[in-house]
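Topology and contacts: notes
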Amino acid sequence: MPIPILMYHSINTEKNNVSLNIDNFRKQMFFLKKNNFQTINLNQINNKNSNKKNFIITFDDGYEDVYLNALPILKELNFSAICYFVTNSIGKYNFWDENKSNYKKMKLMNLTQIKSWINEGMQVGAHTSNHINLSNCEYNQKKNEIIDPIFFFKKNLSIDIENFSYPFGKFDSQTTNIVKDYYKTAVTTQRSRYKFNKFNFYNIPRVPINNSTNLLKFWLKIYTPYEDIKFR
């Protein structure tokens, strides 16, 4: 079965474009548990020998409400997840959305919360240093944005990170080539379930989940080609 790699951002009770209601998140996770899905990590997506129903949970940006609201549900169901952090904004807020008309200022996890996130069995990935559009900058800036998070997490939390997420889903061939030199995988905002031998490790598609995703639509995204046909 193709692997749904779920893309979340914020989990709270606010009504905005990046947040999913806590109750909806809980219903989705319990739906997957009831239907015998299990979480895997990104390094396991090409395991051809697995006949189980696998999926992956990803969170972009590192919102504090993921730690406060999503983590307890993940722990309850024995699910794992990966969160991609913007290292220069850890403990701050989502400044990159300030120019949007419906902007909502939201807190990001601090280092203590990230450490606790890791200690609970969750993974950490990089979302650049400053959440910039990598396709719009020159080579040296791209390289710094991509590799600085590696040094940050090694210095501050003594961990090696292997997974990357392109901010805004934007990248070009030069960006991908840099990422390949320093990470094992990179996720995009392109839409599809992951299929063995169709996608490479640096152009991994995901299944977007937001407040318009009711349980029926969630089922369609997980079990049917609903997302696969949207891949571009």
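Residues numbered from 1 in each chain as written. Predicted model: local features only at pLDDT ≥ 70, side-chain atom pairs only at ≥ 80, totals over all residues. Heavy atoms only, no water.

1. Let's talk about the pattern of salt bridges
Enumeration according to the criterion identifies 13 salt bridges in this entry. With its nearest N and O atoms 3.1 Å apart, the salt bridge here joins Lys 100 to Asp 97. Using a relative accessible area of 41% as the deciding quantity, one classes Lys 100 as partly exposed. Within the structure, one salt-bridge network assembled from shared partners comprises Arg 191, Lys 221 and Glu 227. (Salt bridge = Lys/Arg side-chain N within 4 Å of Asp/Glu carboxyl O. Buried < 20%, exposed > 50% of the residue type's maximum accessible area, 1.4 Å probe, protein only.)

2. Regarding the packing of helix α2 (residues 64–77) against helix α3 (residues 111–119)
For the pair α2 and α3, the least separation of the axes is 11 Å and the interaxial angle reads 20 degrees. It follows from the interaxial angle that α2 and α3 lie roughly parallel. Between α2 and α3 lies a crossing of left-handed hand. Contacts between α2 and α3 involve Glu 64, Val 66, Tyr 67, Leu 71 and Leu 74 on the former and, on the latter, Gln 113, Ser 116 and Trp 117. (Axes fitted to C-alpha atoms, helices over the stretch in contact; angles between N-to-C directions. Helix = DSSP H or I, 4+ residues; strand = E, 2+ residues; numbered from the N terminus. Parallel < 35°, antiparallel > 145°, perpendicular 65-115°, else oblique. Left-handed = near helix turned anticlockwise from the far one by under 90°. Contact = heavy atoms within 4.5 Å.)

3. A closer look at the environment of Asn 156
Position of Asn 156 among the secondary structure elements: in helix α4 (residues 139–157). Here Asn 156 falls in the partly exposed class, since its relative accessible area comes to 35%. For the pair Asn 156 and Leu 111, spaced 45 residues apart in the sequence, the C-alpha separation amounts to 8.2 Å. Polar contacts involving the side chain of Asn 156 include one to the main-chain carbonyl oxygen of Phe 152, which spans 2.8 Å. (Polar contact = N/O pair within 3.5 Å; in protein donor to acceptor, adjacent residues only side chain to side chain.)

4. Quick word on the pairing of strand β7 (residues 123–126)
Side-chain direction in a regular strand flips from residue to residue, so the side chains alternate between the two faces of the sheet. Relative to β7, strand β6 (residues 82–85) is paired through four bridges, and the arrangement is parallel. Looking at β7, one finds that Cys 83 is bridged to Val 124. Crossover handedness for the path β6 to α3 to β7: right-handed. (Pairing = 2+ DSSP bridges. Right-handed = clockwise from strand over helix to strand, strands pointing away.)

5. Observations concerning the packing of aromatic side chains
Taken as a whole and assessed by the stated rule, the structure comprises 18 aromatic pairs. Between Phe 37 and Phe 55 the ring centres are 6.1 Å apart and the planes differ by 85 degrees, which places this aromatic pair in the edge-to-face class. Here Phe 37 is found in strand β4 (residues 37–39), whereas its partner Phe 55 is found in strand β5 (residues 53–61), with 18 residues between them in sequence. The burial state of Phe 37 is the same as that of Phe 55; both residues are buried. Each ring, one from Phe 164 and one from Tyr 183, has its centre 5.2 Å from the other, and the planes form 50 degrees; the classification is tilted. (Phe/Tyr/Trp six-rings, centres within 6.5 Å; stacked < 30°, edge-to-face > 60°.)

6. Describing the pairing of strand β9 (residues 185–191)
Pairing of strand β8 (residues 163–165) with β9 involves three bridges; the strand directions are parallel. Pairing of Ser 165 across the sheet is with Val 187, part of β9. Considered for its hand, the β-α-β crossover made up of β8, helix α5 (residues 173–182) and β9 is right-handed. Relative to strand β10 (residues 204–208), β9 runs parallel, the two being bridged by two bridges. For Arg 191, the partnering residue across the bridge sits in β10 and is Arg 206.

7. Description of the side chain of Glu 64
Residue placement: Glu 64 occurs in helix α2. Excluding residues within four positions of it along the chain, Glu 64 makes contact with Lys 107, Leu 108, Met 109 and Gln 113.

8. Considering the nonpolar core
Counting 56 residues, the largest nonpolar core has Tyr 8, Met 29, Phe 59 and Trp 117 as its most contacted members. Ile 5, Val 187, Tyr 194 and Ile 204 belong to the second-largest nonpolar core, a separate cluster that totals twelve residues. (Core = buried A, V, L, I, M, F, W, Y, C linked by side-chain atoms within 4.5 Å.)

9. So, α4
With 19 residues, α4 should reach 27 Å at 1.5 Å per residue; the first-to-last C-alpha distance of 28 Å fits that figure. Maximal helix bending in α4 amounts to about 30 degrees, located at Ile 147; proline Pro 149 follows within four positions. Every buried residue of α4 is listed here: Lys 142, Glu 145, Ile 146, Ile 147, Pro 149, Ile 150, Phe 152, Phe 153 and Leu 157. Once α4 ends, the next one or two residues include Ser 158, with phi positive near 55 degrees. (Expected span 1.5 Å × (residues − 1). Bend = angle between axes of the 7 residues up to and from the residue.)

Note that all results are geometric; they support no functional claim without further evidence.
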